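What follows is the residue order along each chain.
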Amino acid sequence: MKFVIVGTNHAGIAAANTLLDNYGKNNEVIMIDRNNNLSYLGCGTALWVGRQISSYKKLFYTKPADFEAKGARISLETTVNKIDFENKIVYATIKNHTEITETYDKLILAEGSAPIAPDLPGKDLAGIHFLKLFQEGMAVDQELDKSDVKTVAVVGAGYIGVEIAEAARRRGKQVLLFDAAKTCLSSYYDPEFSTLMDQNLRDHDIETHYGELAQEYLGKDGHVCALKTNKGKYQADIVINCIGFRPNAILGGDHLKRFSNGAYLVNRNFQTSDPDVFAVGDCATNYSNALQDTTYIALASNAVRSGIVGAHNAAGTVIEGAGVQGSNGIEIYDLKLVSTGLSVKAADKFGLSVKYVDYEDKQLPDFMPASENAKVKIRIVYEKKTNRIVGAQLASLYDMHELIHMFSLAIQEGLTMDKLQLLDIFFLPHYNQPYNYVTMAALKADKN
Ligand SMILES: Cc1cc2nc3c(=O)[nH]c(=O)nc-3n(C[C@H](O)[C@H](O)[C@H](O)COP(=O)(O)OP(=O)(O)OC[C@H]3O[C@@H](n4cnc5c(N)ncnc54)[C@H](O)[C@@H]3O)c2cc1C
Ligand SMILES: NC(=O)C1=CN([C@@H]2O[C@H](COP(=O)(O)OP(=O)(O)OC[C@H]3O[C@@H](n4cnc5c(N)ncnc54)[C@H](O)[C@@H]3O)[C@@H](O)[C@H]2O)C=CC1
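Computed from a predicted model, the values in this text were never measured in an experiment. (Residues numbered from 1 in each chain as written. Chains lettered and ligands numbered in written order. Predicted model: local features only at pLDDT ≥ 70, side-chain atom pairs only at ≥ 80, totals over all residues. Heavy atoms only, no water.)

**Q** Explain the overall build of the protein chain here, please?
**A** Along the protein chain, the regular secondary structure elements total 11 helices and 25 strands. The proportion of buried residues among the 448 residues of the protein chain is 53%. Pairs at least 24 apart in sequence give 64% of the contacts found in the protein chain among residues at least 6 apart. When the accessible area of the protein chain is evaluated, it comes to approximately 20,400 Å², of which 51% is carbon and sulfur surface. Here the protein chain contributes 46 positively and 53 negatively charged side chains, and the mean placements of these two sets differ by 1 Å. (Helix = DSSP H or I, 4+ residues; strand = E, 2+ residues; numbered from the N terminus. Buried < 20%, exposed > 50% of the residue type's maximum accessible area, 1.4 Å probe, protein only. Contact = heavy atoms within 4.5 Å. Areas by Shrake-Rupley, 256 points an atom, 1.4 Å probe, with all protein chains shown as cover. Lys, Arg positive; Asp, Glu negative; His and termini not counted. Charge placed at Lys NZ, Arg CZ, Asp CG, Glu CD.)

**Q** Got a minute to help me understand the domain arrangement of the protein chain in this structure?
**A** Often, the extent of an interface is quoted as the loss of accessible area upon association of its parts. Once the domains are mapped, the protein chain shows domain 1 (2-114 + 246-314), domain 2 (117-243) and domain 3 (335-444). A C-alpha centroid distance of 30 Å is found between domain 1 and domain 2. With 15 residues of domain 1 at the contact, the number on the domain 2 side is 17 residues. Connecting domain 1 to domain 2 are one salt bridge. Between Arg 51 and Asp 141 there is a salt bridge; the shortest N-O distance is 3.0 Å. Applying the counting criterion to the domain 1 and domain 2 interface returns six residue pairs in polar contact (both at pLDDT 80 or more). With four residues, the top contributor of residues to the side of domain 1 that touches domain 2 is helix 2 (residues 45-49). (Domains from an automatic or database assignment. Salt bridge = Lys/Arg side-chain N within 4 Å of Asp/Glu carboxyl O. Polar contact = N/O pair within 3.5 Å; in protein donor to acceptor, adjacent residues only side chain to side chain.)

**Q** Hey, could you run me through the site of ligand 1 in this one?
**A** Surrounding ligand 1, one finds 29 residues, the nearest of these being Asn 9, Ala 11, Asp 33, Lys 132 and Asp 282. Residue His 10 places a main-chain N or O atom 3.1 Å away from an oxygen atom belonging to ligand 1. Contact distances for ligand 1 include 2.9 Å between an oxygen atom and a backbone N or O atom of Ala 11. For ligand 1, whose free accessible area comes to 1,000 Å², the fraction covered by protein is 89%. Its residues assigned to classes, the shell around ligand 1 comprises 12 nonpolar, 12 polar and five charged. (Near = heavy atom within 4 Å. Nonpolar A, V, L, I, M, F, W, Y, C, P; charged D, E, K, R; others polar.)

**Q** Hey, could you run me through the site of ligand 2 in this one?
**A** Of all residues adjacent to ligand 2, which total 19 residues, the nearest are Ile 160, Asp 179, Tyr 188, Ala 298 and Gly 329. For ligand 2, an oxygen atom lies 2.8 Å from a polar atom in the backbone of Ile 160. Here ligand 2, which alone exposes 840 Å², has 79% of that area covered by the protein. Looking at which element gives the most residues to the shell around ligand 2, the answer is helix 5 (residues 159-170), with three residues. Partitioning the shell around ligand 2 into residue classes produces 12 nonpolar, four polar and three charged.

**Q** Help me understand the UniProt feature "domain: Pyridine nucleotide-disulphide oxidoreductase dimerisation" (unreviewed entry) in the protein chain in this model?
**A** When the UniProt feature table is mapped onto this chain numbering, "domain: Pyridine nucleotide-disulphide oxidoreductase dimerisation" (unreviewed entry) sits at residues 334-431. Strand forms 34% of residues 334-431 and helix 21%; the C-alpha atoms that close the span are 18 Å apart. (UniProt positions renumbered as here; feature names shortened; annotations may be inferred.)

**Q** Sorry, what's going on with helix 5 here?
**A** Helical geometry: 3.6 residues make up each α-helical turn, so side chains three or four residues apart lie on a common side. The terminal C-alpha atoms of helix 5 lie 17 Å apart, and with 12 residues this matches the ideal 16 Å at 1.5 Å per residue to within 8%. What helix 5 keeps buried is the set Tyr 159, Gly 161, Val 162, Ile 164, Ala 165, Glu 166, Ala 167 and Ala 168. Directly after helix 5, the chain includes Gly 172, whose backbone phi takes a positive value near 85 degrees. (Expected span 1.5 Å × (residues − 1).)

**Q** Hey, could you run me through the UniProt feature "domain: FAD/NAD(P)-binding" (unreviewed entry) in the protein chain in this one?
**A** When the UniProt feature table is mapped onto this chain, "domain: FAD/NAD(P)-binding" (unreviewed entry) is found at residues 2-307. Spanning residues 2-307, this segment combines 23% helix with 30% strand, and its end C-alpha atoms are found 17 Å apart.

**Q** Quick question: what am I supposed to make of the environment of Pro 369 here?
**A** You can see Pro 369 is positioned in the loop between strand 23 (354-362) and strand 24 (375-383). Judged by its relative accessible area of 38%, Pro 369 is partly exposed.

**Q** Help me out: how do you make sense of the sheet that holds strand 18 (residues 277-279) in this one?
**A** Working definition: the strands of a sheet are paired by backbone hydrogen bonds and lie parallel or antiparallel to each other. The strand order 3-2-1-7-18 describes an open sheet built from five strands, whose pairing is parallel. Edge strands, defined here as strands with exactly one partner in the open sheet, are strand 3 (73-75) and strand 18. With strand direction ignored, the average angle separating the axes of adjacent strands in the sheet is 15 degrees. Pairing between strand 2 (residues 28-32) and strand 3: three bridges, direction parallel. For Met 31, the partnering residue across the bridge sits in strand 3 and is Ile 74. (Pairing = 2+ DSSP bridges. Axes fitted to C-alpha atoms, helices over the stretch in contact; angles between N-to-C directions.)

**Q** Mind showing me how you'd approach the environment of Ala 300 here?
**A** You can see Ala 300 is positioned in helix 7 (residues 300-314). Given a relative accessible area of 27%, Ala 300 falls into the partly exposed group. Excluding anything up to four places from it in sequence, Ala 300 contacts His 10 and Cys 43.

Written out as structure tokens, the structure is:
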């Protein structure tokens, strides 16, 4: 059988490795990507740009030769322009001049996502940046090296915006962070949690501007010099836009069914509406266990898992994905926020009627050294009708992030709040308290 994979970043790589490691013999695997690099972990961009790690080099975790050694044919700097789904032919161009075609038996689309570009006056000025590719991270890094770049405006206080705001501040720049919402990270956390991060940002001299919509990039001599919003005009030497991703699902044209945001609509096997075409990663939908419905969540963690499941199904092993919770986390100047499933705000948006319980306590008993201890704030969100756990959020200076995986599993398995109350959670003073905040929150929850 011949497999063609379009897009060889995280989802495409996972799909390729699954095919090569499990079905390599007698099968042909062709990998095509328009970029000149693969496997860049954008997740490390802010760490590198903020000099918390010394080099970007290890943000790449594989290389073309690794796939060639396993028998794949890989073609970088090759753009797929068109797919003839009826005759199963992929049309591509190598380095913008050589036209090639590839036939396939099974096609895996892993086209990923692209940053949303606000269509504002001045958008073509120099000094306006996005952060997705390695090359874009490098461009921002080089800007921050310039002594005449003193003020950085970051538009969008989601994950990328907050992380790059910290990085630019660590590089000694004055940073202004804008978001249309009332807090940062508003798609992931309820205000009781996101405002902790807002305070943390302000404590580190990052100027936050919420409820402000970017309206225009103002320029001087072809270079951006200010950002105009609905509330004011702010001088800025560069602007970094991070207002979310849109699925990069172009090649399917009218042939493949779509989700509301344009992503390829896939079933739980990551099969599209064409049985010989699979779509994985940021270009495709996923199944939300909290909503018990189709969703779209752009994350590397989802991309990798969908690549594995999609490839097995493409090769004829029928397996369903486990669904996702959109588990995520962030650490900025030592403050850690992690969340999984739905916040109260997100549940409201999707029309799911929920209750929640909050609890706050120190991680360790009081007799432990204060320098090792910190308060942890937890919120557990559960469905009103069934008491099914649908979300959790945690915030602390203490590194409690692993706990969110337990809530992720609880949501995946449809656990109800009563199961948490008497869960056997071990006690060791080095790690927690006998009356720990998970048990206490579960006991406190209103289950009627
Ligand atoms: C700065 C930053 C930080 C992030 N941090 C995190 C994090 O901490 N945790 C997390 O889980 N996620 C994080 N993400 C999100 C994560 O990077 C994405 O969800 C992930 O890259 C999706 O992988 P993918 O393979 O589906 O798509 P992509 O990474 O978008 O890859 C798609 C590939 O398809 C290729 N392609 C597209 N169209 C064509 C075509 N027509 N022809 C040939 N090739 C094509 C592209 O060149 C690209 O290589 C971060 C993203 C960024 C930008
Ligand atoms: N730690 C992690 O898990 C990370 C995950 N990612 C993922 O990468 C993807 C892209 O990240 P982001 O670009 O940060 O998207 P995002 O969805 O996290 O945040 C976008 C932000 O932009 C704001 N916004 C939208 N339009 C706006 C406008 N016109 N003006 C001002 N603000 C506006 C939104 O309110 C939102 O807060 C997301 O799926 C994210 O989850 C990215 C970085 C880290």
